[in-house]
Amino acid sequence: MTLSITTSTLADGAVEVSPRGEIDVENAYEIREAVAAQLSAGSPIRIELNMRHVTFIDSVGISALVAAFQLAGVSGVKLVVTRPSRFAHRQLWVTGLLGLFGNPQPFDETVTA
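This one's a predicted model, so the numbers in the text were calculated from it and none came from an experiment.

Draft legend 1. Seen up close, the overall build of the protein. Scanning the protein from terminus to terminus reveals three helices and five strands. Along the protein, helices (α) and strands (β) appear in the sequence β-β-α-β-β-α-β-α when read from the amino end. Taking 113 residues into account, the globule formula puts the C-alpha radius of gyration at 13 Å, and the protein, at 13 Å, falls close to it. The burial tally for the protein puts 42% of its 113 residues in the buried class. In the protein, of all internal contacts separated by at least 6 residues, the share reaching a separation of at least 24 is 63%. Positive and negative side-chain charges of the protein, numbering 8 and 11 respectively, have mean locations separated by a distance of 8 Å.

Spelled out as C-alpha cells, the structure:
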C-alpha cells in the first residue's frame, strides 16, 4: 500500500498533517518532508499528526516521526500525534514514545459523533 498525506489548517491555527496508508522504509521521509513544508510555509502554533488512517508503521517510520518532532521543536513549534490507529498507538507505546507525542489515545472507530 502507498502513503498519501493531506494537510489542512484547523480553526485555532494549528496545522493538521494526515498520513494515510503504510509508513515504512520506502516512504517514511515523506512525513518529515510534509512537516518541513508546513514549517517553511509559516510558523503554525502547533502541528497535529493525525494518524487515524495509518495501517502500518515500521522502525524507519518511527524514526521519521522523531525527526519531524525535532525539526518542529527547533522551529519552536509543538508537534503532537492525534487519533492514532490502534497499530500506530501500539508501536508508539512499545517504543516508549507516547509521552513525546502528547500521550494520544488510540482512535476508536466504534465511537460515533
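Draft legend 2. Focus on the environment of Val35. In this fold, Val35 is placed in helix H1 (residues 29–41). By relative accessible area, Val35 is classed as buried at 0%. When the C-alpha atoms of Val35 and Ala68 are compared, they prove to be 6.2 Å apart, with 33 residues separating the residues in sequence. Setting aside residues up to four positions removed in sequence, Val35 forms contacts with Ile47, Ala68 and Leu79.

Draft legend 3. A look at the nonpolar core. Core analysis: the biggest nonpolar cluster contains 27 residues, and Ile23, Met51, Leu65 and Leu92 have the highest contact counts within it. Secondary-structure elements contributing two or more residues to this core are strand E2 (15–23), H1, strand E3 (46–50), strand E4 (53–57), helix H2 (59–74), strand E5 (78–82) and helix H3 (86–94). Among the elements that line this core, the one with the most residues is H2, at five residues.

Draft legend 4. Summary view of unusual backbone geometry. Not every positive phi belongs to a glycine, and Arg83 is a case in point at roughly 50°. Structurally, the position occupied by Arg83 is in the loop between E5 and H3. On the accessibility criterion, Arg83 (36% relative accessible area) is partly exposed.

Draft legend 5. Quick peek at H1. Its 13 residues place the ends of H1 18 Å apart at the C-alpha level, agreeing with the 18 Å of an ideal helix rising 1.5 Å per residue. Those residues of H1 that sit buried are Ile31, Ala34, Val35, Gln38 and Leu39. Within H1, the buried residues cover an arc of 135° as seen down the axis, which keeps them to one side. Opposite the buried face of H1, by more than 90 degrees, sit the exposed residues Ser40 and Ala41. Those residues of H1 hidden inside the fold are in contact with strand E1 (3–9), E2, E3, H2 and E5.

Thresholds applied
- Residues numbered from 1 in each chain as written.
- Predicted model: local features only at pLDDT ≥ 70, side-chain atom pairs only at ≥ 80, totals over all residues.
- Heavy atoms only, no water.
- Helix = DSSP H or I, 4+ residues; strand = E, 2+ residues; numbered from the N terminus.
- Rg over C-alpha atoms; globule rule 2.2 N^0.38 Å.
- Buried < 20%, exposed > 50% of the residue type's maximum accessible area, 1.4 Å probe, protein only.
- Contact = heavy atoms within 4.5 Å.
- Lys, Arg positive; Asp, Glu negative; His and termini not counted.
- Charge placed at Lys NZ, Arg CZ, Asp CG, Glu CD.
- Core = buried A, V, L, I, M, F, W, Y, C linked by side-chain atoms within 4.5 Å.
- Expected span 1.5 Å × (residues − 1).
- Arc of directions from axis to C-beta.

Function-wise, these values are silent; they only describe arrangement.
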